[in-house]
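Structural overview
Below, each chain spelled out in residue letters.
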Amino acid sequence: MSKIVANDVKWRDISPGGIICDAGNAALFKTGDWRSIRPRWIEEKCKQCSLCYPTCPDSSIIMTEEALMRGFDYDHCKGCGVCAKACPFGAIEMEEEA
Amino acid sequence: MRERLSGNEAVAIAMRQIDPDVVAAFPITPSTEVPQYFASFVANGAVNTEFVAVESEHSAMSACIGAQAAGGRTMTATSSAGLALMWEMLYIAASSRLPITLAAVNRALSGPININNDHSDTMGARDSGWIQIYGESNQEAYDNFIQAVCIGEHPAVQLPVMDCYDGFITSHAVENIELLEDEEVKAFVGDYTPEYYLNNKAHPIAVGPLDLPVHYFEHKRLQAEAMRNAKRVILEVAADFEKLTGRKYGFFEEYKMEGAETAIVVLNSTAGTAKTVVDKLREQGVKAGLIKLRVFRPFPAEEIAAALAGVKAVAILDKADGFNAAGGPVFTDVTSAMYGRVDGVPAISYIYGLGGRDVRAGDIEKVYSRLAEIVKTGKIGEVYNYLGVRE
Ligand code: SF4
Ligand code: SF4
C-alpha cells in the first residue's frame, strides 16, 4: 500500500491537497481501538447460518471461502453490537473490553 | 491586436480565448460584467465551456472546486461580499490544491454597504492560500489573467489564483489594450493535465477526506511549500509571457527607483496616479520613486526589502484598513520584510481611498512631502496615517 497514507509519512511525500490517491485502502485505518465492548463468538452455539455477516458495518466478521463464520477482525471491529443482535442463536455475546 | 475595452470585457475575452471547461459565477457589482460577457460567448457558441449559473458565490466556488477536482479547468469572477461569501470555499480550493482562476474585481466590504473600490475584499482573503496578483490597468488585468492559469496549474504550484483589479476604475473604464490572438493564448496556457483527478477512471481517487492530526500538519506544510514554489514559477511564466508579448512583469514594478530617496509602495490603479506625481517631482529635482506591488501572495519579502535598501524614507499605501491598530496589511508585510534586512529606513503607513474615495495627484504629493520632511528632520512622527479622510 502507498506510503502516502502511512502514519509516518513525511511532508514532502504526502499526497497534495489531502487527496487519497489509492482507492480501496480503508483496511489501513485501524478502527478497532474505538471499541469499548467486544463481540465474543460462541462456536458451539453457531449454526453457520451467515445472518450476522451482512449486518456488520465494518466488514469485520471473518468468513471463509466456503462461507463459514470464523470469528472477528478485531483490528477493525468497532464493537457496535449489531451482529450480536442479528444472531438468532445467541452465538455472539458482547462483553466489556479488558 | 489593438482594441479598446473595459477591464471586465478584457478579462472576459481572456476567458473566451482560454476556453475553460467550466465557469460558475454569481453576479455582483462590479464584477458582474465578466460572467455576463462570458455567458454571451457561451450562448453564441464561441466557447465549449459549461456555464453554471449558481444561486450564490458560496455555490459558485463550490461548483468550481467540484469541476476542477474532476479534472476541468475552471474559472469565476466576484467582488466584495461575493468574495466574503466564498470564504469557506476559498480555503477548500487552496488546501485541495485546485488551480481555479478568479477575477477578483476589488470593491469595499460592507458595512456600511458600499459598491465602490477599495481592497478590503481581497486583503481579507490574503492568507486563504490563494496566489494574489494585482494589476494597474486593463492591459495588466488581461495579461495577469492569462498568466494566472499557467502559474496556478504548474505542477510545483497547484494553487488557485486571484487576478485582482480595481472595481469601476479598471473594471469599467475603457482603455486601449493590446490583445493576443486566440491561438496564441491557447498555446500559451496549453491543456490542463493534473496528475490526479476524479474523472480518471483508470486511477480512482478521493478528494476532501477527513484529515486527522496524524496527517493534517504534513498537508499544510506541503501547501506552504507550493506557495514558496510559486515565486519561481511566477517569474518563469512572466519571462515566457515577455517573449510572446514584449510586456515585462515581475513581483513588482520599480518606477524611477534609481537613486530614489523617498518612495511609495502601492498597488493597483493608484500606481498610475502616483507615477504622474513621481514624474512631476523628478522634473523638480526631487528624488522620488515608486514601487508598484504586483504579486502580494506569495509575498516577495527579500526582493522588496532589497528594492527599498537605498531609500531614506518610505510610505506604504493601503486601500484597506487593517483594524489591527498598527497599520494597513501591505504596510505590515512590507515592514516585516524590511526587518533584519534594511533596518533603520523610516516607514510609514497611509490608509487611502476607502469606499471609493477619490485619490488625486495632490493627495500623493502630500505623502511625498511628508517623506521629504522625515528625511530632512529625521523625525518620523505618526506611523499610522490616513490620506483623504476629513479631519
Ligand atoms: S460488533 Fe459491530 S463492528 Fe464488530 S463485528 Fe459485530 S457488527 Fe461488526
Ligand atoms: S448469525 Fe450467529 S449463528 Fe449465524 S453465522 Fe453468525 S454467529 Fe453463527
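Located above this text is the structure these notes cover.
Residues numbered from 1 in each chain as written. Chains lettered and ligands numbered in written order. Predicted model: local features only at pLDDT ≥ 70, side-chain atom pairs only at ≥ 80, totals over all residues. Heavy atoms only, no water.

1. Looking at the packing of aromatic side chains
Condition: Two rings from Phe, Tyr or Trp (for Trp, the six-membered ring) form a pair when their centres are within 6.5 Å of each other. A pair whose planes differ by under 30 degrees is stacked, one over 60 is edge-to-face, and the rest are tilted. Only protein chains enter the accessibility calculation, which uses a 1.4 Å probe; a residue whose area is less than 20% of its type maximum is buried, one above 50% is exposed, and one in between is partly exposed. Remark: a charge is flagged as sitting over a ring if the NZ atom of Lys or the CZ atom of Arg is within 6 Å of the ring centre and within 35 degrees of the ring normal.
Summed over the entire model, instances satisfying the criterion amount to 8 aromatic pairs over all chains. Relative to Trp 34 of chain A, the ring of Phe 29 of chain A lies with its centre 6.1 Å away and its plane at 80 degrees, an arrangement referred to as edge-to-face. Look at Phe 29 of chain A and you get partly exposed, because its relative accessible area is 44%. The exposed category is assigned to Trp 34 of chain A, whose relative accessible area is 52%. Each ring, one from Phe 296 of chain B and one from Phe 299 of chain B, has its centre 5.7 Å from the other, and the planes form 85 degrees; the classification is edge-to-face. With a relative accessible area of 0%, Phe 296 of chain B lands in the buried category. Grouped by ring-pair contacts, the aromatic residues Tyr 134, Phe 296 and Phe 299 of chain B constitute a single cluster. The residue whose ring lies beneath Arg 221 of chain B is Trp 11 of chain A, and the NZ or CZ to ring-centre distance is 3.9 Å. Residue placement shows Lys 231 of chain B over the ring face of Phe 251 of chain B; its charged tip is 5.6 Å from the ring centre.

2. Some thoughts on the side chain of Ser 15 of chain A
Rules: Note on conventions: DSSP H or I runs of at least 4 residues are helices, E runs of at least 2 residues are strands, and numbering of each starts at the N terminus. Whenever a nitrogen or oxygen atom comes within 3.5 Å of another N or O atom, the pair is scored as a polar contact, on the condition that within protein one atom can donate a hydrogen and the other can accept it, and that pairs from neighbouring residues in sequence are kept only if both atoms are in side chains.
By the secondary structure assignment, Ser 15 of chain A is in the segment before strand E1 (37-41). Only 2.6 Å separates the side chain of Ser 15 of chain A from the backbone oxygen of Ile 19 of chain A, close enough to count as a polar contact.

Bear in mind that shape data such as this cannot, by itself, settle questions of function.
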